[in-house]
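# Structural description and commentary
Here is how the chains run, residue by residue.
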Amino acid sequence: MSDKETLYQLAAKYNEELMSDFEREGEIEVTMFTKKTGLDRDDASNYLVGIRDDKFYTFPMMDSEGNVIKIEEISKYADINKEIVRQYLFANYKAIDIQKSVDADLHGTDITFDCIAIGKDLDPYLVPKRVNVRCEETWAKQAAGKVPDKCLSCILAKQDYLDENQRVQKTFSVTQNTEALVKFINLSDTGTKGEIRKMFQIPPYDKCRHVDIDVTERISVEDVSLVSEINYERMDSDYVMTRAYVFGKKTKPNQQYKVWGKVWTNPHNQKAIQVLHYIDSERDNISKWELNSENKELLELFRPKEDTLEAIEEKMNEINKDLSVNVTRMKQREDVITLTNMVYHSCLNFEFRGQYVNKGWIEGSILGDTRTGKTETARSLLMHYRAGEFISSAENTSVAGLLGGLQQSASGKWNLTWGRLPMNDRRIVIVDESDELAKNKVIGYLSGVRSSGVAELIKINQQKTMSRTRLIFISNGFKGRVSDYNYGVGILQDLFPEQQDISRVDLAMVCKKEDVSDEIINSLQEDEKVEHVYTKEACHARVMFAWNLDKDKIKFESACEGYILRQANEMGKKYSPEIPLIIGAEFRIKLARAAISVAAQMFSYEGGKLIVKECHAKYYIKWLQSIYDSTTFGYHDYSEQIRSENELTREGKLDEIFTEIDVVNEVLKAGQMTVGDVQDIFIKDQQEAREIIGDMRKGNAIRKKSNYYVKTPQFIDYLKRKRRHLRGESPIK
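Residues numbered from 1 in each chain as written. Predicted model: local features only at pLDDT ≥ 70, side-chain atom pairs only at ≥ 80, totals over all residues. Heavy atoms only, no water.

### Examining the overall build of the protein
Helices and strands together make up the secondary structure of the protein, namely 31 helices and 27 strands. Counting all 733 residues of the protein, 50% fall into the buried class. For the protein, the proportion of contacts with a sequence separation of at least 24, taken over those separated by at least 6, is 72%. Carbon together with sulfur atoms contributes 44% to the accessible area of the protein, which is approximately 33,900 Å² in total. (Helix = DSSP H or I, 4+ residues; strand = E, 2+ residues; numbered from the N terminus. Buried < 20%, exposed > 50% of the residue type's maximum accessible area, 1.4 Å probe, protein only. Contact = heavy atoms within 4.5 Å. Areas by Shrake-Rupley, 256 points an atom, 1.4 Å probe, with all protein chains shown as cover.)

The structure is reproduced here in structure tokens:
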């Protein structure tokens, strides 16, 4: 006996046992069905979806003999994997890609495909599921044997439906097939009753006013937006969305589903739609990935010879060389590979010294001149890793395109559609030409989601969904070339105008055209032969390993924690928070995220956990300082400049200028000063006033703003101390 025959026998036995009571009692009310099956009312309503022999007990699908089957119960009863049950039940459904779901040649075809529900109408429809029809006129005519010719076509005249009160009454199920229910969507009460008359062959209202129709039960219908599932990599051209109606079930935003239904047309506007018979939530490919023996063997390729800084550097250089020669084909851009890998291999969340850190994923920025290999390198790695989404089109960098939005249909209903960031929850998005985000003032709208990992839309009402998305922003300089900036790090201030938005960037770098000549970048790699060890399969396994990491699978060694705390303190002093890439009080968390990423890249896996060691943190800090201290990025040089500007360097000269308390008071009171103000305060001519201003500027006492000057904080402090000194209260220090 085949597996299929066995399945059908078990299904028939299940139905026989479950339905015997109902068959004896005839029609099944939802309440009774709920009580006897143990289902809740919503599930019971969902399963009672058709008519068979005038008994209302059919489930969503039937076997070849017409026996009804509830997938979950059959799977449990028969001890057969749910996927196998579905395979038999939906054997005649054609598996397609969602892009084909609107093809005209598939109209009326039963189809199945994998998808993600990215949005839906905020308010579901409630269409008739059960109706009560009464006609006392028909009863009277039947009793007299004088049924008029106009009533002969009516279903109430054709069959003897006498209730206990001798009235013609029948409760029909209008869910014979879900395609029929589409006709009720967007209809008024009058239109709905008219459609019910058509369905049951009852003459229209203008020809028969004796029939009363009551809707006794309704079923919810969600109008959802579906897109193709995110299996591996996705480029701009892969984005296809279709609309579908889901009956009796609630969909969750950004949930992956496997659906079975029919290609149909909306009867009101003839647009292609999917009428879904059955939906089942699915695990995405991240959750499905397993650390089995095959994947462990691939991941062992990334483990260094020993857990030392030198061994990690050797392994990282080996990996970067392989990828640059065999994948990106860009010479001397290994730092771009390193930064991209740091973001790619960050985790979801973790604990650091007993503190739960909700945001474990990393954000990075690759800035610089055009034609420096930054875009090509990131795109090549995405394709090689078969993970993530690359966005280059300006139209996809709007708030609605990235975060999501609400649209109002012609009927007045509001439809919610989530954008690319929530769609890629737990994944990575690489945004090219990110300068468009700043020019269109989009960055500010992303502040909340970048911080919390929750996308939120507050329009008609509040809608939320998870968006724990790794991000890489790629941008050119706003002023032109990198050489036009005093410090390359200044490009960050153009891309992220607000300090809080810069602080959410974990690491950044700048690619300057002069660093590597075009001849070297674009030269053929034929002179370099490097064995391709880190293949697509191996690199994909490493990414999936990292993306499955969370707080329960990560452990910091105590030596690593101590090292991170010390380095956070030292680097907080070294780099200026004026561009808040590094803020001493918060930098330990950024370092912890990065150390986890290094550990994941090196497959530091022992006893079922990722072990984060001091050598992992040391590698990252050494690499990061090589980037931040470079003349191209110039973060250290910028910090030194800011530090020098924050110190009064010519206090002796200031002591010569400020000898009178009245002058000190006037300068303290002045919010801003012009040359004329200095003339009035010091009672000097214009030339002398300019000399005073020159001395104050050289000593970092004032700074020029537009056509006026403002006092620096350290100068204000000096003036207060000077006033106390001139009053004889305390010596100036």
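Picking up after the structure, the text goes on.
### Comments concerning the packing of helix α12 (residues 309-328) against helix α13 (residues 334-344)
Running from amino to carboxyl end, α12 crosses α13 at an angle of 105°, the nearest separation of the two axes being 10 Å. In terms of orientation, α12 and α13 fall into the roughly perpendicular class. Residues Asn320, Leu323, Ser324 and Thr328 of α12 touch α13, and the partners they reach there are Glu334, Ile337, Thr338 and Asn341. Its residues placed into classes, the contact of α12 with α13 shows two nonpolar, five polar and one charged. (Axes fitted to C-alpha atoms, helices over the stretch in contact; angles between N-to-C directions. Parallel < 35°, antiparallel > 145°, perpendicular 65-115°, else oblique. Nonpolar A, V, L, I, M, F, W, Y, C, P; charged D, E, K, R; others polar.)

### A few points about the pairing of strand β7 (residues 212-228)
Consecutive residues of a regular strand have side chains that alternate between opposite faces of the sheet. Sheet topology places strand β4 (residues 110-121) next to β7; five bridges connect them, and they run antiparallel. Residue Ala117 lies in a different strand from β7, and its bridge partner there is Leu226. Where strand β5 (residues 125-134) meets β7, nine bridges bridge the pair, whose relative direction is antiparallel. Opposite Pro128, over in β7, you have Arg218 as the bridge partner. By the bridge criterion, seven bridges tie β7 to strand β9 (residues 241-247) in an arrangement that is antiparallel. Paired with Val227 across the strands is Met241, a residue of β9. (Pairing = 2+ DSSP bridges.)

### Looking at the sheet that holds strand β25 (residues 609-612)
Read across the sheet, three strands follow the order β23-β25-β24 without closing on themselves; strand pairing throughout is mixed. A strand with exactly one partner marks an edge of an open sheet, and here the two such strands are β23 (554-556) and β24 (605-606). Of the pairings in the sheet, the one linking β23 to β25 comprises three bridges and is parallel in character. Paired with Lys555 across the strands is Ile611, a residue of β25. Contacting β23 and β25, helix α24 (residues 587-601) crosses the sheet at an angle of about 120° to β25.

### Structural notes on the pairing of strand β15 (residues 388-391)
Residue alternation in β15 divides its side chains into two sets, Gly388 and Phe390 and Glu389 and Ile391, and both sets are buried. Sheet topology places β15 next to strand β18 (residues 428-431); three bridges connect them, and they run parallel. Each residue of the ladder has a partner; that of Phe390, found in β18, is Ile430.

### Focus on the packing of aromatic side chains
A complete count under the given rule lists 20 aromatic pairs for this structure. These aromatic residues form a ring-pair network of at least three members: Tyr575, Tyr628, Phe633 and Tyr635. Taking the ring centre of Tyr278 as reference, the NZ or CZ of Lys249 above it sits at 4.9 Å. Its end group placed over the ring of Tyr563, Lys618 keeps NZ or CZ at 5.7 Å from the ring centre. (Phe/Tyr/Trp six-rings, centres within 6.5 Å; stacked < 30°, edge-to-face > 60°. Lys NZ or Arg CZ within 6 Å of the ring centre and 35° of its normal.)

### A word on helix α26 (residues 635-645)
Among the residues of α26, those classed as buried are Tyr635, Tyr638, Ser639 and Ile642. Along the axis of α26, the buried residues cluster in a sector spanning 100°; they form a single face. Summarising the contacts, the buried residues of α26 are in contact with α19 (490-495), α23 (558-574) and α25 (614-628). (Arc of directions from axis to C-beta.)

### Examining the side chain of Asp425
By the secondary structure assignment, Asp425 is in the loop between α16 (420-423) and β18. Polar side-chain contacts of Asp425 include one of 2.7 Å to the side chain of Arg468. Setting aside chain neighbours within four positions, we find Asp425 in contact with Met466, Ser467, Arg468 and Thr469. (Polar contact = N/O pair within 3.5 Å; in protein donor to acceptor, adjacent residues only side chain to side chain.)

### Observations regarding the pattern of salt bridges
All chains considered together, the criterion is met by 33 salt bridges. For Arg450, the salt bridge is made with Glu363, and the minimal N-O distance between the two is 2.8 Å. Separated by 87 residues along the polypeptide, Arg450 in helix α18 (residues 447-452) and Glu363 in strand β14 (residues 363-368) bring together distant segments of the chain. Judged by its relative accessible area of 2%, Arg450 falls in the buried class. Since its relative accessible area comes to 1%, Glu363 is described here as buried. Counted as one network, the salt bridges with shared partners bring together Lys359, Glu363, Arg450, Asp501 and Arg504. (Salt bridge = Lys/Arg side-chain N within 4 Å of Asp/Glu carboxyl O.)

### Quick notes on the confidence of the model for the protein
In the predicted model, the protein carries a mean pLDDT of 82, and the fraction of residues at 70 or more is 79%. Long-range and interchain partners of residues 7-15, a stretch whose pLDDT sits below 50, account for 25 contacts in this model, where long-range means more than four residues apart. Segment residues 43-69: pLDDT under 50, and 87 contacts once partners within four positions in sequence are set aside and those in other chains are kept. (pLDDT = per-residue confidence, 0-100.)

### Considerations on the environment of Gln493
Relative to the helices and strands, Gln493 is located in helix α19. Gln493 sits in the partly exposed class, given a relative accessible area of 34%. It is 9.9 Å that separates the C-alpha atoms of Gln493 and Pro580, two residues lying 87 residues apart in sequence. The residues contacting Gln493, other than those within four sequence positions of it, are Ile502, Glu578, Ile579 and Tyr638.

### Section: helix α14 (residues 374-385)
The terminal C-alpha atoms of α14 lie 17 Å apart, and with twelve residues this matches the ideal 16 Å at 1.5 Å per residue to within 8%. Of the residues making up α14, those classed as buried are Lys374, Thr375, Thr377, Ala378, Leu381, Leu382, His384 and Tyr385. Of the residues trailing α14, Arg386 is marked for its positive phi of about 55°. (Expected span 1.5 Å × (residues − 1).)

### Some details on the nonpolar core
The tendency in soluble globular proteins is for nonpolar side chains to be buried side by side. Residues Phe350, Leu507, Phe556, Tyr620, Tyr628 and Tyr635 are the most contacted members of the largest nonpolar core, which totals 114 residues. Ranked by residues supplied to this core, first place goes to α24 with ten residues. (Core = buried A, V, L, I, M, F, W, Y, C linked by side-chain atoms within 4.5 Å.)

### Quick look at the packing of α13 against α25
Contact geometry of α13 with α25 gives a least axis separation of 12 Å together with a crossing angle of 130°. When the interaxial angle is binned, α13 and α25 end up oblique. For α13 against α25, the interelement crossing comes out left-handed. Contacts from Asp335, Thr338, Leu339 and Met342 of α13 reach α25 at Tyr619, Tyr620, Trp623 and Ile627. Broken down by class, the residue content of the contact of α13 with α25 amounts to six nonpolar, one polar and one charged. (Left-handed = near helix turned anticlockwise from the far one by under 90°.)

### A short note on the state of the cysteines
Under the defined criterion, the tally for this structure stands at zero disulfides. Among the cysteines around Cys560, which has no disulfide bond, Cys615 carries the closest sulfur, lying 8.2 Å off. On the basis of relative accessibility, which here comes to 0%, the residue Cys560 falls in the buried class. (Disulfide = S-S within 2.5 Å.)

### Brief notes about the environment of Ser281
Topologically, Ser281 is positioned in strand β11 (residues 272-281). In this structure Ser281 comes out as partly exposed when scored by relative accessible area, which is 42%. C-alpha of Ser281 to C-alpha of Lys258: the two residues are 23 residues apart in sequence and 6.3 Å apart in space. Apart from residues no more than four positions distant in its own chain, Ser281 is found in contact with Gln255, Gln256 and Tyr257.

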